[in-house]
Amino acid sequence: MITPYIDYFKNNLKYSLIFLWVLISLLSSCNYFQEKSLPNITELVPTGESSIETIATLPFANLTDVPDIASILRTSFFSNLSLRGYTAIRLEEIDGLLKMAEIDASNIESIDPYQLGRILKADALIYGTVTECSKLFVGIYSNVAVGAQIKMVDSRTNKTIWAAEHLEKTHG
């Protein structure tokens, strides 16, 4: 049953090469590669020295041309933070309290952390900036990169507890 097809490809080198190219293209398009990298984290206050219980993830700044990436990354970070054992204030509650206090989210870094902590009833504040977001799709190849700088600040002392910078890339 398969023999006629094999004979056909043996006798037609041109079609054999095209078939092989299509097969390789299909197989390689299923390939996915994520660069393994760890975030660059600077711990400024040793773990255990701060009594952080309640955390507010503030609106992230966006230095990219992708409009909603800051909101997406903030939501993702909040979801992961909730799993770490902290009491994380819901994002909707944070946004509502900031709006009631007439605080412009695009200028959040200029507001005193102590004042923000009192408004949000948070021991610590998460600040974030999306530094890179790029997508490249060429034929069967794709490349996606997302980078951010994030820090946690103790709202009672205004000390940065930790700061991190990371760029995540995937290829396929």
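Preceding this section is the structure that the text describes.
Here we summarise the structure given alongside this text. (Residues numbered from 1 in each chain as written. Predicted model: local features only at pLDDT ≥ 70, side-chain atom pairs only at ≥ 80, totals over all residues. Heavy atoms only, no water.)

### Brief notes about the packing of helix α4 (residues 91-100) against helix α5 (residues 113-120)
- Here α4 crosses α5 at 115 degrees, and the two axes come no closer than 10 Å. Relative to α5, the element α4 lies roughly perpendicular. Considering only the axes of α4 and α5, their crossing is right-handed. Mapping the contact onto sequence places Ile94, Leu97 and Leu98 in α4 and Leu116, Ile119 and Leu120 in α5.
- Grouping the amino acids of the contact of α4 with α5 by side-chain chemistry returns six nonpolar, no polar and no charged. (Axes fitted to C-alpha atoms, helices over the stretch in contact; angles between N-to-C directions. Helix = DSSP H or I, 4+ residues; strand = E, 2+ residues; numbered from the N terminus. Parallel < 35°, antiparallel > 145°, perpendicular 65-115°, else oblique. Left-handed = near helix turned anticlockwise from the far one by under 90°. Contact = heavy atoms within 4.5 Å. Nonpolar A, V, L, I, M, F, W, Y, C, P; charged D, E, K, R; others polar.)

### Some remarks on the pattern of salt bridges
- Applying the stated criterion across every chain yields a total of five salt bridges.
- Put simply, aspartate 95 and arginine 74 hold a salt bridge, and the shortest N to O gap is 3.0 Å. Pair noted here: aspartate 95 is in helix α4 and arginine 74 is in helix α3 (residues 69-82), with a separation of 21 residues, a long-range link.
- Classification of aspartate 95 by relative accessible area gives partly exposed; the value is 34%.
- Residue aspartate 123 is joined to arginine 156 by a salt bridge in which the shortest nitrogen-to-oxygen separation is 3.8 Å. You can see aspartate 123 sitting in the loop between α5 and β6 (124-138) and its partner arginine 156 sitting in the loop between β7 (141-154) and β8 (160-171), a full 33 residues away along the chain. (Salt bridge = Lys/Arg side-chain N within 4 Å of Asp/Glu carboxyl O. Buried < 20%, exposed > 50% of the residue type's maximum accessible area, 1.4 Å probe, protein only.)

### Here's the deal with α4
- Here α4 has its buried residues at Leu91, Ile94, Leu97 and Leu98. One face of α4 carries all of its buried residues, which in axial projection span an arc of 130 degrees. Away from its buried face, by an angle of more than 90 degrees, α4 presents the exposed residues Glu92, Lys99 and Met100.
- If you follow the buried residues of α4, they end up packed against β3 (54-57), α3 and α5.
- Backbone geometry just after α4 places glutamate 102 at a positive phi near 55 degrees. (Arc of directions from axis to C-beta.)

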